[in-house]
Amino acid sequence: MSLFQLFKSSFTSPKKIAAFRLIPIGKVMQYIFSYIFIMSIISFVFFINGISDQQQTMEGLLEYFAQIQWLLYPFSFLFLFVLNTLFIFVRISILAYIGSIILRIRNRKGEFRHIWRTALFASTIPLLLSIIFAILQFSNNYIQLLIYILSLVIITFATKYYPVKR
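Residues numbered from 1 in each chain as written. Predicted model: local features only at pLDDT ≥ 70, side-chain atom pairs only at ≥ 80, totals over all residues. Heavy atoms only, no water.

Pairing between side chains of opposite charge can happen when the charged atoms of each approach one another. Within this structure, the stated rule accounts for one salt bridge. Across the pair Arg113 and Glu111 runs a salt bridge, and its minimum N-O distance is 2.6 Å. Residue Arg113 is classed as partly exposed on the basis of its relative accessible area, which comes to 47%. (Salt bridge = Lys/Arg side-chain N within 4 Å of Asp/Glu carboxyl O. Buried < 20%, exposed > 50% of the residue type's maximum accessible area, 1.4 Å probe, protein only.)

This is the structure:
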């Protein structure tokens, strides 16, 4: 299954999201790192624009930034990539832990690795909303809370399709 098919199916069906728990980990890592790469590019663009704004207001730094620009940009992109990776993995792990509690409450069978994959694919829409809000520079704690709740609702719908414990 291609990454685009996974992406498209993550939008349409909680049943498919639940079935994605059986996808090999290599494909899951390709999927998550493609998201992280896109988020890192967007963060990097905002970083570059922020430096440009600062350079215009601080005349003394113009020469300094011109000298270290070749060194600053690659390290800043690498730092943003690692930071985005950390945040997304922690976010999905927390959602997966809550999802494992939902599995127990609903008396469904599943391991943490399965619910982690389900949480990843259930977070497709919320991660996309996060990217859109970042581009629009519209951030609020209530919006972040709404994004987490949306992820949990999608996970709850997906756990309906997990096998029942006997």
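What follows picks up the thread again.
A few words on the packing of helix H5 (residues 112-122) against helix H6 (residues 124-135). Taken N-terminus to C-terminus, the directions of H5 and H6 make an angle of 40 degrees; their axes are 5 Å apart at the nearest point. The pairing of H5 with H6 is recorded here as oblique in orientation. When H5 is examined against H6, the residues Leu120, Phe121 and Ala122 are found in contact with a partner set consisting of Thr124, Ile125 and Pro126. In the contact of H5 with H6, the residues fall into five nonpolar, one polar and no charged. (Axes fitted to C-alpha atoms, helices over the stretch in contact; angles between N-to-C directions. Helix = DSSP H or I, 4+ residues; strand = E, 2+ residues; numbered from the N terminus. Parallel < 35°, antiparallel > 145°, perpendicular 65-115°, else oblique. Contact = heavy atoms within 4.5 Å. Nonpolar A, V, L, I, M, F, W, Y, C, P; charged D, E, K, R; others polar.)

Okay, the side chain of Thr118 next. If you trace the backbone, Thr118 turns up in helix H5. Owing to a relative accessible area of 0%, Thr118 belongs among the buried residues under this scheme.

Where H5 meets helix H7 (residues 141-159), the closest approach of the two axes is 9 Å, and the angle between their N-to-C directions is 125 degrees. If you check the angle between H5 and H7, you find them oblique. In this structure, H5 crosses over H7, and the sense of that crossing is right-handed. Note on element contacts: H7 touches H5 through Ser151, Ile154, Ile155, Ala158 and Thr159, opposite Ile115, Thr118, Ala119 and Ala122. Taken together, the residues of the contact of H5 with H7 break down into six nonpolar, three polar and no charged. (Left-handed = near helix turned anticlockwise from the far one by under 90°.)

Next up on the list: the confidence of the model for the protein chain. When pLDDT is averaged along the protein chain, the result is 85, and 90% of the positions lie at 70 or above. Mean pLDDT values for the elements of the protein chain range from 81 in helix H3 (residues 25-57) up to 93 in H5. (pLDDT = per-residue confidence, 0-100.)

To continue, consider the nonpolar core. Residues Ile32, Ile92, Trp116, Leu120 and Phe121 are the most contacted members of the largest nonpolar core, which totals 29 residues. Sorting the residues of this core by element identifies helix H2 (14-19), H3, helix H4 (61-105), H5, H6 and H7 as the ones contributing at least two each. If one sorts the elements of this core by residue count, H3 sits on top with seven residues. With sequence-adjacent residues up to four places away left out, Phe121 is seen in contact with Leu6, Ser10, Ile17, Phe20, Ile23, Val28 and Tyr31. (Core = buried A, V, L, I, M, F, W, Y, C linked by side-chain atoms within 4.5 Å.)

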